[in-house]
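Each chain, written out:
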Amino acid sequence: MLALRTRSPHPLRVLAPPPQAELTDALARARQEASAVSGAFAVAPCEFHVLPAPAAARLAPADLQRRAGTWVLVTVRLAREAGHRAHLRERCLTAAQRFMLSLACDGVENAWVDEAPTPGAARDAGVGLGDQDPVGMIWCEPVA
């Protein structure tokens, strides 16, 4: 499993952790930032699914399930051609980076987890994927 966090040489100072409403706003801003990823797409190639607690408990990696916070499933649009799939995945990973940086700017700690659930596991947990395939997950929690 690969888990990455944003790091800065400057200490992060937050006066108070954002309440849940502000976390919801931070997630919305992060989605907006992620949607600006380049690539001339009519429709963004990826989606960010904020998971309800029961779905997160089923889909989060076993060694990280005990962590408090919010889990976001990152998915990418399906494509038949291998080269197109690779291109969409790269754009999705770039969008995920923008999503995470936006959260960090709003005082929300976050980490990328490369271990993505299978499409079947996501559907069994109640996450509608449509024409999307899981790429990874982002754990996030307001900085205390």
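This report concerns the structure included in the present document.

**Quick notes on the overall build of the protein**
Looking only at helices and strands, one finds four helices and five strands in the protein. Looking at the 144 residues of the protein, the share that counts as buried comes to 39%. Looking at the protein alone, contacts between residues at least 24 apart form 78% of all its contacts between residues at least 6 apart. About 8200 Å² of surface is accessible on the protein, with carbon and sulfur atoms providing 53% of the total.

**Thoughts on the state of the cysteines**
Applying the stated rule across the entire model yields zero disulfides. Not engaged in a disulfide, the cysteine Cys92 finds its nearest cysteine sulfur in Cys46; these two sulfurs lie 3.9 Å apart.

**Considering the environment of Asn110**
With respect to the helices and strands, the residue Asn110 is situated in strand β4 (residues 108–113). Judged by its relative accessible area of 2%, Asn110 falls in the buried class. Each C-alpha atom, one on Asn110 and one on Cys140, is 4.1 Å from the other, the two residues being 30 residues apart in sequence. A distance of 3.1 Å separates the side chain of Asn110 from the backbone oxygen of Met100, its partner in a polar contact. Among the polar contacts listed, one links the side chain of Asn110 to the backbone oxygen of Val108, at a separation of 3.1 Å.

**Considering the side chain of His49**
With respect to the helices and strands, His49 occurs in strand β2 (residues 46–50). By relative accessible area, His49 is classed as buried at 13%. Not counting residues within four places of it along the chain, the set of residues in contact with His49 comprises Arg31, Trp71, Val72, Leu73, Thr75, Val127 and Gly128.

**Quick notes on the pairing of β4**
Counting buried positions along β4 yields five of six residues, so the element is predominantly enclosed. By the bridge criterion, six bridges tie β4 to strand β5 (residues 132–142) in an arrangement that is antiparallel. For Asn110, the partnering residue across the bridge sits in β5 and is Cys140.

**Considerations on the nonpolar core**
By size, the foremost hydrophobic cluster in this structure holds 24 residues, and its most contacted members are Leu27, Phe48, Val72, Phe99, Leu103, Trp112 and Ile138. Counting 16 residues, the second-largest nonpolar core is a separate cluster that includes Ala60, Ala111, Ala125 and Trp139.

**A word on the pairing of strand β3 (residues 70–77)**
Of all eight residues in β3, seven are buried; the element is thus mostly enclosed. Two strands pair when backbone bridges link them, and β2 and β3 are joined in this way by five bridges, in the antiparallel orientation. Note that in β3 the partner of His49 across the bridge is Leu73. Where β3 and β5 come together, eight bridges link them in antiparallel fashion. Following the sheet pairing, Thr70 is matched in β5 by Cys140.

Calculation rules
Residues numbered from 1 in each chain as written. Predicted model: local features only at pLDDT ≥ 70, side-chain atom pairs only at ≥ 80, totals over all residues. Heavy atoms only, no water. Helix = DSSP H or I, 4+ residues; strand = E, 2+ residues; numbered from the N terminus. Buried < 20%, exposed > 50% of the residue type's maximum accessible area, 1.4 Å probe, protein only. Contact = heavy atoms within 4.5 Å. Areas by Shrake-Rupley, 256 points an atom, 1.4 Å probe, with all protein chains shown as cover. Disulfide = S-S within 2.5 Å. Polar contact = N/O pair within 3.5 Å; in protein donor to acceptor, adjacent residues only side chain to side chain. Pairing = 2+ DSSP bridges. Core = buried A, V, L, I, M, F, W, Y, C linked by side-chain atoms within 4.5 Å.

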